[in-house]
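One-letter residues, chain by chain:
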Amino acid sequence: MDEKIIQLAALLHDIGKFWQRAGEKGKHSEIGNRFIKIYIPEQWQGCAGLVSMHHDTAAYTSEGFDQLKRVISGDWLSSKERKEREEGETADVKATPLISIFSKIGIGKGGLPPEYSYPVKNLTLNKNILFPQKGEKGDLSENYKVLWNNFIKEVDKIKTITDFDAYFNTLYYILQKYTWGVPSAAYRSEADISLFDHLKTTCAFVSCLGNLEVTYCKAMVKSLKNESLNEEEKSELNAIKFLLIGGDISGIQKFIYSISSPEEARKGMAKRLRGRSFYLNLLNDAIATHIISRLGLPQTNLLWCGGGHFTILALCNENVIASLKEIKKDINTHLLEEFDGALALALDWIEASSNDFGDFSALKERLSVKTNRSKRQKFVSNLSVDLFKPRGEVINKVCAVCGMKSKGTFCERCEEHKEIGGEIAKAKYILKIEGSGLSNCDVIEFDVGYSFVESRDEIARKVKKIGGQISQIQILRLNNTDFLEDDVFNQLKGLWIPVSLGFSFLGNVVPLYRGSTLDFGDIADLSKGDSKLGILKMDVDNLGKIFASGLSKEDRTISRISTLSSMLDVFFGGYLNKIAMKHCVYADLCDDCAKKVNGKKREIEIETGEKVYDIEPEFEDELCNNCKSENNRISKIYMVYSGGDDLLMVGPWDAIIEFGKDIRDSFKDFTCNNELLNISGGVFICGAKYPVGRAVTIADEHLDLAKSHLMDGNGEPMKNSIGLFNECVCWDDLQGYQKKGFKSLFELPKKLED
């Protein structure tokens, strides 16, 4: 059987549970078989038998059935995630919503917070869907029916895709959209893992497994039943079968922020800073994509990618390890030539057995130790006499921004970053292209190209413009999960290139006025009072400890850790856009609205001589729909970077302070108001011409101070604070310390102003 068919079976093995909860009768394995026969293109329906038999223990422990053994083993390895209910306790699966992973953080710090859960709805950036709620459980049958019907409409829509990889990748995003909030198991297990995460990790395991011995299968069955194993069976489950691969780009902070802003570069500095940051996101994604492509792995095996890090699950054998060594050397050779040692890739891997995945946090910690060691030994695999020889032609001039060799005032990289910063601000889609000899892309790294598209009408034109030997293209809609648009499908008809569709969350809000990005001078002018900029840095407190020990030991599984990472990225990469757009000015006001808010607005003249309008939030509802439409709103916030668990923002000094407060309040709601999940921030206020690299460094120092200024009774930093005006305060009042928190202090001048 084709390897791709086995992977498809793994990705869909539990799809019957979804249909079953929507009202379909029968066992979920039989329903899954039925789904494939109806909705999957005929050429790939060979996976139906594996789906229908994925609970056949007799076949699993018999000779033969090699493909089935892999699917069942992958399912069970992923199902180590399922925490059983108390003996005799069961749940009504049609009345049990998905419990938020953030409700489970609390081990070692007292009891768990109350359970919060998600609605049974498709994934969007709508707060009512994305933010978990505390409340009574009820019958979800109708919700499941609506969700299922929308799901099969989209699955039906992609039947026309004839390339397997393009079909598989598009189906992957459809599953993410519709099963992110569907519990994987609820009848005898706690409903805290989504069906999507279970399907994804099952497929990842199956993609790494070869043919399995009967002894291994019997040992798996006994292990799941908590029966004692003999020495041979123990040996089978402790045998090395997997590699956990970790990548970490070192030098990111210095690369982004160690830039100068001389007079001749000041005009485009906002774009350069944004472009520099986003380029590193693309570089990280390109390296991860290059590795899974070289190793022949599907998208499911990229467990995590963001913030300059990635984690991949792979098969362990000599060929894979040899390939990784070669990839590591080649990538660092390229980075050394391009960035003169400023950026390096720490790429390492650890071996893992089936038993090791019972505590995925411990595996991640082992991997982290290795990658951190590699970060201190940059380019060690590239050491040779040639490393110390001069590279390239001798150039005496240096770039005015980054200090690298340059033939002109600015080097090619800095000009490229400026272009990226301008283009990505307007992009609604990103084209991700894999192939060799690529050309006519906005960014190309390691045989992966990226093009930014402002409107869907331009997609086909951009695709046709790309040169080289293209193997596949992904069209990713930014910050919108409605990615299967008819207009896009019609444009792609007749293209010979395999094209898949999906979505991606990206912090992408900048102050756009009539298609152009406002520079730092204009942004400072949007302030109340002095024309000053605010630089805001924030990140999650104690995140390393939360990943390592925030969950109970039996809960530290691959799906839960993956869910924790991905949900944080949805907040920082996606939802922050929504918060940023609340802090805005308006490009135009109609005559009626201008009269309504007369005396309640500020008119601000920007550099072009045109005016924008700042209206007090309590009066914004008085505007007509046209005036308060998204196209007429100009965000005050410039999102330099947001993703993973941290962010860097620039805005008018007064707006950036309030924005920081709004982020903290939303983060607490998003994480179930769990007292162990907090975020700290640092703000530096400066003039628009202040060196941006230095401003970011000082904001970072304020953030460090916010995390260390106050100790608890055990002598540990309390964090959960903001550093501002060379002072630090906790977000909330500290009754025992007789200290007012930021919220109280923030409201005081508001009251005085009123």
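Scroll up to find the structure.
Remember, it's a predicted structure, so these values are computed and weren't measured experimentally.

Chemist: Quick rundown of the sheet that holds strand 21 (residues 679-686)? Include the residues and the values.
Modeler: Read from one edge to the other, the open sheet built from 6 strands follows the order 19-20-14-21-22-23, with strand pairing classed as mixed. What marks the edges here is a single partner per strand, and that holds for strand 19 (638-643) and strand 23 (727-730). Across this sheet, the average inter-strand angle for adjacent strands is 15 degrees, counted without regard to direction. In terms of strand pairing, strand 19 meets strand 20 (residues 646-652) through 5 bridges, oriented antiparallel. Note that in strand 20 the partner of Met639 across the bridge is Met649. Helix 22 (residues 558-581) rests against strand 14 (533-540), strand 19, strand 20 and strand 21 of the sheet, and its axis sits at about 155 degrees to strand 19.

Chemist: Explain the sheet that holds strand 11 (residues 499-504) to me, and be specific about the residues and the numbers.
Modeler: Taken in spatial order, the 5 strands of this open sheet run 8-9-7-10-11, and their pairing is mixed. Only two strands of the sheet have a single neighbouring strand rather than two, namely strand 8 (443-445) and strand 11. Averaged over all pairs of adjacent strands, the angle between their axes in this sheet comes to 25 degrees, without regard to strand direction. In this sheet, strand 11 lies alongside strand 10 (residues 467-478) in parallel orientation, the contact comprising 6 bridges. Note that in strand 11 the partner of Gln474 across the bridge is Ser500.

Chemist: Please provide a residue-by-residue account of the packing of helix 1 (residues 3-12) against helix 9 (residues 164-179), values included.
Modeler: Interaxial distance between helix 1 and helix 9 falls to 12 Å at its minimum, and their mutual angle equals 10 degrees. Between helix 1 and helix 9, the angle is such that the two are roughly parallel. Side by side, helix 1 and helix 9 meet where Lys4, Gln7, Leu8, Leu11 and Leu12 of the first sit next to Phe164, Asp165, Phe168, Leu171 and Leu175 of the second. Its residues placed into classes, the contact of helix 1 with helix 9 shows 7 nonpolar, 1 polar and 2 charged.

Chemist: How would you summarise the packing of aromatic side chains if you had to cite specific residues and measurements?
Modeler: Using the criterion set out here, one finds 37 aromatic pairs in the structure. Here the basic side chain of Lys241 rests over the ring of Tyr216, its NZ or CZ set 4.9 Å away from the ring centre. Between Arg276 and the ring centre of Phe255, over which it is positioned, the NZ or CZ distance is 4.2 Å.

Chemist: Please provide a residue-by-residue account of the nonpolar core, values included.
Modeler: Nonpolar side chains in soluble globular proteins generally cluster together in the buried interior. The biggest cluster of nonpolar side chains holds 149 residues, and the ones touching the most others in it are Phe18, Phe35, Phe102 and Phe151. In terms of residues, this core owes the most to one element, helix 22, which gives 12 residues. Apart from residues no more than four positions distant in its own chain, Phe102 is found in contact with Pro113, Tyr118, Leu564, Met567, Leu568, Phe670, Thr671, Cys672, Asn674 and Leu677. In this structure, Leu297, Ala314, Phe339 and Ala427 belong to the second largest nonpolar core, which totals 82 residues.

Chemist: Residues and numbers for helix 15 (residues 318-339), please.
Modeler: Taking 1.5 Å of rise per residue, the 22 residues of helix 15 would be expected to cover 32 Å, and the 31 Å separating its terminal C-alpha atoms lies within 8% of that figure. Where helix 15 begins, one side-chain oxygen reaches toward the backbone nitrogen of Asn319, 3.0 Å away; that side chain belongs to Asn317. Looking one or two residues past helix 15, Asp340 carries a phi angle of roughly 55 degrees, positive in sign.

Chemist: Help me get a handle on the side chain of Asp541, residues and values and all.
Modeler: Turning to its location among the elements, Asp541 is positioned in the loop between strand 14 and helix 21 (543-549). The exposure class of Asp541 is buried, given its relative accessible area of 2%. For Asp541, the side chain forms a polar contact with the main-chain nitrogen of Asn720, separated by 2.8 Å.

Chemist: How would you explain the pattern of salt bridges if you had to name every residue and give the values?
Modeler: Side-chain pairs of opposite charge can arise whenever the charged atoms involved come near each other. Under the definition given, this model contains 40 salt bridges. Of the charged contacts in the structure, one is a salt bridge between Arg294 and Glu326, with a shortest N-O distance of 3.8 Å. Taken together, the residues Arg294 in helix 14 (residues 269-294) and Glu326 in helix 15 connect sequence positions 32 residues apart. Using a relative accessible area of 43% as the deciding quantity, one classes Glu326 as partly exposed. Here Glu485 ties to Arg477 by a salt bridge, and the two come within 3.2 Å at their closest N and O atoms. Comparing Glu485 with Arg477 shows no difference in burial state: the two are buried. What emerges from the salt-bridge pattern is a single network uniting Glu338, Arg413, Glu416 and Glu445.

The rules behind the values
Residues numbered from 1 in each chain as written. Predicted model: local features only at pLDDT ≥ 70, side-chain atom pairs only at ≥ 80, totals over all residues. Heavy atoms only, no water. Pairing = 2+ DSSP bridges. Helix = DSSP H or I, 4+ residues; strand = E, 2+ residues; numbered from the N terminus. Axes fitted to C-alpha atoms, helices over the stretch in contact; angles between N-to-C directions. Contact = heavy atoms within 4.5 Å. Parallel < 35°, antiparallel > 145°, perpendicular 65-115°, else oblique. Nonpolar A, V, L, I, M, F, W, Y, C, P; charged D, E, K, R; others polar. Phe/Tyr/Trp six-rings, centres within 6.5 Å; stacked < 30°, edge-to-face > 60°. Lys NZ or Arg CZ within 6 Å of the ring centre and 35° of its normal. Core = buried A, V, L, I, M, F, W, Y, C linked by side-chain atoms within 4.5 Å. Buried < 20%, exposed > 50% of the residue type's maximum accessible area, 1.4 Å probe, protein only. Expected span 1.5 Å × (residues − 1). Polar contact = N/O pair within 3.5 Å; in protein donor to acceptor, adjacent residues only side chain to side chain. Salt bridge = Lys/Arg side-chain N within 4 Å of Asp/Glu carboxyl O.

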